[in-house]
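Tertiary structure, described
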Amino acid sequence: MPPVLLLFDIDGTLLTSGGAGEKALRTGLLSRFGIQDDLQGIEIAGRTDSGIARRILERHQIPPAPENIRRLLDGYLEALPTLLPLHSGRVLHGVLPLLNALRQRSDCILGLLTGNLEQGARLKLAHYGLHDRFQLGAYADDHHDRNALVPFALRRAAALAGTDIPPARTWVIGDTPYDVECARAGGARAAAVATGVFSSSALAAAQPDLLLPDLGQTDRILELLLPPP
Ligand SMILES: [Mg+2]
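Quick look at the packing of helix 2 (residues 49-59) against helix 3 (residues 66-83) now. Two elements in contact, helix 2 and helix 3, have axes whose closest approach is 9 Å; the angle formed by their N-to-C orientations is 110°. Considered as vectors, helix 2 and helix 3 are oriented roughly perpendicular to each other. Pair helix 2 / helix 3 crosses with right-handed handedness. Residues Asp49, Ser50, Ala53, Arg54, Ile56 and Leu57 of helix 2 pack against Asn68, Ile69, Leu72, Leu73 and Tyr76 of helix 3. Tallied by class, residues from the contact of helix 2 with helix 3 come to 7 nonpolar, 2 polar and 2 charged.

Written out as structure tokens, the structure is:
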């Protein structure tokens, strides 16, 4: 049997950066384009950094060409390491015990599926001591549309495992309806966790396969995500 692939979202699922990510975007916009914007009305949760950058540029009538997106995101990545320690973020409830328990299991692969850029993901996870927990990832560098990311993760998991992982043995675990949508688009199963900005009822409307208040209750989550040993 191929292993089960678990793909975790980062912000609102594993951790909250306490607003450092958003502040870094605002700082990048100011340093690279000289524009002040509080980003009110720009949807951030569940979106990819490249998609968010595109929307910010469009709002300021700057063509969302690859070089402009890159410039804004370079400013974001430059600001992020300084801003992370200045904001009171944290690893979310239940995440560490769950990751510790999953590490003991040989029947799963731990990955990321995130709207972060790979470097941004690395910076956030390293700041919160989670950087060595994941074997692969799919990121905003791969595609600006989150719904296109599952196949990237599946290819990397197949290379790692030496065998194809069926999408039906893949879970996307995230805190927004967009994570659920992205699981559906990739043929994967969706576990929604109400630790971000979306309520349980908002997540239920997206019809995930599994809806959890948080990632506490390690044993129950292991039973739900992984087949019996
Ligand atoms: Mg999220």
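This part takes up the domain arrangement of the chain. Taken domain by domain, the chain holds domain 1 (4-17 + 89-225) and domain 2 (20-86). Just the C-alpha atoms count here: the centres of domain 1 and domain 2 sit 24 Å apart. The interface is formed by 19 residues belonging to domain 1 together with 18 residues belonging to domain 2. Carbon and sulfur atoms make up 62% of the surface buried where domain 1 meets domain 2, a total of about 1,600 Å² over both sides.

Next up on the list: the packing of aromatic side chains. A complete count under the given rule lists 2 aromatic pairs for this structure. Residues Tyr178 and Phe198 carry aromatic rings whose centres are separated by 6.3 Å and whose planes lie at 90° to one another, so their mutual orientation is edge-to-face. One end of the pair, Tyr178, is in helix 7 (residues 177-185); the other, Phe198, is in the loop between strand 7 (189-193) and helix 8 (200-204), with 20 residues separating them in the sequence. As far as the burial class goes, Tyr178 and Phe198 line up, both buried. Arg155 extends its terminal NZ or CZ atom over the ring of Phe152, reaching a point 5.0 Å from the ring centre.

Moving on: the coordination of the magnesium ion. The magnesium ion binds to the protein through Asp9 (OD), Asp11 (O) and Asp175 (OD); the donor distances cover 2.1 to 2.2 Å. The sequence pattern describing where the donors of the magnesium ion fall on their chain is D-x1-D-x163-D. Linking Asp9 in the loop between strand 1 (4-8) and strand 2 (15-16) with Asp175 in the loop between strand 6 (170-174) and helix 7, this pair joins segments that are 166 residues apart in sequence. Here Asp175 falls in the buried class, since its relative accessible area comes to 3%.

Its 14 residues give helix 1 (residues 20-33) an end-to-end C-alpha distance of 19 Å, which sits within 8% of 20 Å, the value for a rise of 1.5 Å per residue. Turning to helix 1, its buried residues number three or more, namely Ala20, Gly21, Ala24, Leu25, Gly28, Leu29 and Phe33. Buried-residue contacts for helix 1 involve helix 2 and helix 3. In the stretch just after helix 1, Gly34 is the one whose phi turns positive, near 65°.

The next point concerns the nonpolar core. Judged by nonpolar contacts, the single largest core of 55 residues is most densely connected at Leu6, Phe8, Leu14, Leu102 and Leu215. Looking at which element gives the most residues to this core, the answer is helix 3, with 8 residues. Taken domain by domain, the makeup of this core includes at least three residues from each of domain 1 (4-17 + 89-225) and domain 2 (20-86). The contacts of Leu215, once residues within four sequence positions are left out, are Phe8, Thr13, His93, Gly94, Val95, Leu98, Ile173, Val193 and Ile221. With 23 residues, the next largest nonpolar core counts Val180, Ala188, Ala190 and Ala192 among its residues.

What follows deals with the pairing of strand 7. By the criterion of burial, strand 7 is predominantly enclosed, with 4 of the 5 residues buried. Two elements, strand 6 and strand 7, share 4 bridges in a ladder whose sense is parallel. Pairing of Ile173 across the sheet is with Ala191, part of strand 7. Since strand 6 and strand 7 lie parallel, the crossover through helix 7 that links them has a hand, and here it is right-handed. Where strand 7 meets strand 8 (residues 210-212), 3 bridges bridge the pair, whose relative direction is parallel.

Cut-off values and rules
Residues numbered from 1 in each chain as written. Predicted model: local features only at pLDDT ≥ 70, side-chain atom pairs only at ≥ 80, totals over all residues. Heavy atoms only, no water. Axes fitted to C-alpha atoms, helices over the stretch in contact; angles between N-to-C directions. Helix = DSSP H or I, 4+ residues; strand = E, 2+ residues; numbered from the N terminus. Parallel < 35°, antiparallel > 145°, perpendicular 65-115°, else oblique. Left-handed = near helix turned anticlockwise from the far one by under 90°. Contact = heavy atoms within 4.5 Å. Nonpolar A, V, L, I, M, F, W, Y, C, P; charged D, E, K, R; others polar. Domains from an automatic or database assignment. Buried area = accessible area lost by both parts, 1.4 Å probe. Phe/Tyr/Trp six-rings, centres within 6.5 Å; stacked < 30°, edge-to-face > 60°. Buried < 20%, exposed > 50% of the residue type's maximum accessible area, 1.4 Å probe, protein only. Lys NZ or Arg CZ within 6 Å of the ring centre and 35° of its normal. Donors = N, O, S within 2.8 Å, 3.2 Å for Na, K, Ca; no water. Expected span 1.5 Å × (residues − 1). Core = buried A, V, L, I, M, F, W, Y, C linked by side-chain atoms within 4.5 Å. Pairing = 2+ DSSP bridges. Right-handed = clockwise from strand over helix to strand, strands pointing away.

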